[in-house]
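Geometric and topological summary
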Amino acid sequence: MKEDLISFGHWQKDKLEQLLQLALKVKRSPQDYRQALSGKSVVALFEKPSLRTRVSFDIGIHMLGGHMVYMDSQAGKLAGREDAYDMGANLACWADAIVARVFKHETLELFAQAANVPVINALCERYHPCQALADFLTLFEHFGSADKIRLAYVGDGNNVSHSLMQVGAILGADVRVITPVGHSPEPSVMALAIERAVECGGKIHHSHDLADVEGANVLYTDTWLSMGDKTPLEQIKEDFAPFQLNAALMKRAGASYAMHCQPAHRELEITSELIDGPCSLLLQQAENRMHAQNAILISLLG
Ligand code: CP
Ligand code: NVA
């Protein structure tokens, strides 16, 4: 039976650990996987802009011997010309997998129902699983195991924070999400992450209190306004300003590393001093997008 990656929410711990180990192997020995997708085609469909996801999938698939077909949203709305369900069913007639970045999570669910090939979430408004896997690959390269990771995500309770909580909970890390009031993660996503953490040995905590960064060894942030959110920056800037990732917050936490999925907005959610400084993991995260995604492709299509 085909398998999708829409979110990691219900993944079994051993399966996620194996995927992470595969990502480490793919990164270390890319020559062993040159033919992994030989003769296979992947459609990558983007309703929203992308730099990292688009290019890392394209080059990654090439490195595995496969072929990627890029599709943008054409008239600005993916399902404008035909139903998303019909589109998914048609794409599956030719493609061996569908990678999709969409505005609405439900579009991915429709694709997954319609297509008899794997559907991979390249970001929706609720989740960004490929990012979270790459981020934990990055963290494993530094810490070696999940029980050593104490990650504090500071900023908007968004798709990236949701996926970090899911992956962290299952792998057994300590993930704290600290947001301004009114910008909390979705309660249902929080509840599932907490449940998974209890089951798998992780720790998930949400608050509005910046004191909760104390003791974290990694601080992570993301944009204050995600793609598709039309709220004017001026309206939320004041609420988010205290949550900026900067040298003072790093010191308060006692953290060694700063992370951001990018695109980053310098001097808003993170300072240039951190992006360009010795604690920055940003480019390692970006590089690891490709290795993590290649592991996902190999495991779902292999
Ligand atoms: N982090 C990330 O997904 O970047 P892009 O939006 O550029 O793909
Ligand atoms: N939260 C951001 C992530 C971008 C990679 C967004 O959805 O726009």
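How each quantity is defined
Residues numbered from 1 in each chain as written. Chains lettered and ligands numbered in written order. Predicted model: local features only at pLDDT ≥ 70, side-chain atom pairs only at ≥ 80, totals over all residues. Heavy atoms only, no water. Helix = DSSP H or I, 4+ residues; strand = E, 2+ residues; numbered from the N terminus. Buried < 20%, exposed > 50% of the residue type's maximum accessible area, 1.4 Å probe, protein only. Near = heavy atom within 4 Å. Polar contact = N/O pair within 3.5 Å; in protein donor to acceptor, adjacent residues only side chain to side chain. Areas by Shrake-Rupley, 256 points an atom, 1.4 Å probe, with all protein chains shown as cover. Nonpolar A, V, L, I, M, F, W, Y, C, P; charged D, E, K, R; others polar. 1 Å grid on protein atoms, 1.4 Å probe; cavity = no way out; pocket = protein on both sides within 12 Å on 5 of 7 lines; lining within 4 Å. Points joined across faces, edges and corners; volume = space filled by probe spheres on them. Pairing = 2+ DSSP bridges. Axes fitted to C-alpha atoms, helices over the stretch in contact; angles between N-to-C directions. Expected span 1.5 Å × (residues − 1). Arc of directions from axis to C-beta. Contact = heavy atoms within 4.5 Å. Right-handed = clockwise from strand over helix to strand, strands pointing away. Core = buried A, V, L, I, M, F, W, Y, C linked by side-chain atoms within 4.5 Å. Patch = residues over 30% accessible without salt bridge, like charges linked within 9 Å, V, L, I, M, F, W, Y side chains within 5 Å. Salt bridge = Lys/Arg side-chain N within 4 Å of Asp/Glu carboxyl O.

**A few points about unusual backbone geometry**
A cis amide bond links glutamine 262 to the next residue, proline 263, at an omega of 10°. Of note in the backbone geometry, leucine 123 takes a positive phi value of approximately 120° without being a glycine. Tracing the backbone through its elements, the reader meets leucine 123 in the loop between β4 (119-121) and α5 (129-143). Take leucine 123: its relative accessible area is 6%, and that puts it in the buried class.

**Observations concerning the site of ligand 2**
Close contacts around ligand 2 come from Leu123, His128, Asn158, Asn159, Val160, Asp222, Thr223, Ser226, Met227 and Gln262, and that covers them all. Within the contact set of ligand 2, a nitrogen atom lies 3.3 Å away from a side-chain nitrogen or oxygen of asparagine 158. Protein contact buries 96% of the 270 Å² of open area that ligand 2 shows by itself. Classifying every residue of the shell around ligand 2 gives three nonpolar, six polar and one charged.

**Let's talk about empty space enclosed by the protein**
Under the definition given, this model contains one cavity of 30 Å³ or more. Computed from the structure, the largest cavity encloses a volume of approximately 70 Å³. In terms of lining residues, the largest cavity is bounded by Val26, Pro30, Tyr33, Arg34, Met63, Leu64, Met290, His291 and Asn294. In terms of residues, the lining of the largest cavity owes the most to one element, helix α11 (residues 282-301), which gives three residues.

**Some points on the sheet that holds β4**
Taken together, four strands build an open sheet; the order of strands is β2-β1-β3-β4 and the sheet is parallel. Strands at the two margins of the open sheet, each flanked by one partner only, are β2 (67-72) and β4. Taking each pair of neighbouring strands and ignoring which way they run, the sheet shows an average axis angle of 20°. Sheet topology places strand β3 (residues 97-101) next to β4; three bridges connect them, and they run parallel. Paired with valine 99 across the bridge in β4 is isoleucine 120.

**Observations concerning helix α2 (residues 52-63)**
When the terminal C-alpha atoms of α2 are compared, their 16 Å separation across twelve residues agrees well with the 16 Å that a helix rising 1.5 Å per residue should span. When α2 is considered as a whole, its buried residues turn out to be Arg52, Thr53, Ser56, Phe57, Gly60 and Ile61. For α2, the angular spread of the buried residues around the axis is 135°, confining them to a single face. Against the buried residues of α2 lie β1 (41-46), β2, β3, β4, α5 and α11. Of the residues flanking the end of α2, it is glycine 65, one or two places downstream, whose phi is positive at about 85°.

**Some thoughts on the pairing of β3**
With five of five residues buried, β3 lies mostly within the body of the structure. In terms of strand pairing, β1 meets β3 through five bridges, oriented parallel. Note on β3: the bridge partner recorded for leucine 45 is alanine 100. Handedness of the crossover joining β3 and β4 through helix α4 (residues 105-114) is recorded here as right-handed.

**Thoughts on the nonpolar core**
Counting 85 residues, the largest nonpolar core has Leu16, Phe57, Phe136, Leu151 and Leu297 as its most contacted members. With nine residues, the single largest contributor to this core is α5. Once residues lying within four places of it in the same chain are set aside, the contact partners of phenylalanine 136 are Leu20, Ile149, Leu164, Val167, Gly168, Leu171, Ala173 and Val175. Core analysis: the second largest hydrophobic core is formed by 18 residues, Val213, Ala216, Ala255 and Ile270 among them.

**A few points about a nonpolar patch on the surface**
Residues Leu51, Val55 and Ile59 make up a contiguous nonpolar surface patch of roughly 270 Å² in combined accessible area. Positionally, leucine 51 belongs in the loop between β1 and α2.

**Observations regarding the site of ligand 1**
Around ligand 1, the structure places Ser50, Leu51, Arg52, Thr53, Arg101, His128, Gln131, Cys261, Gln262 and Arg289. Separating an oxygen atom of ligand 1 from a side-chain N or O atom of serine 50 is a distance of 2.6 Å. Threonine 53 is positioned with one of its side-chain polar atoms (N or O) 2.6 Å from an oxygen atom of ligand 1. Burial of ligand 1 by the surrounding chains reaches 96%, relative to a free accessible area of 250 Å². Among the residues making up the shell around ligand 1, the classes are represented as two nonpolar, five polar and three charged.

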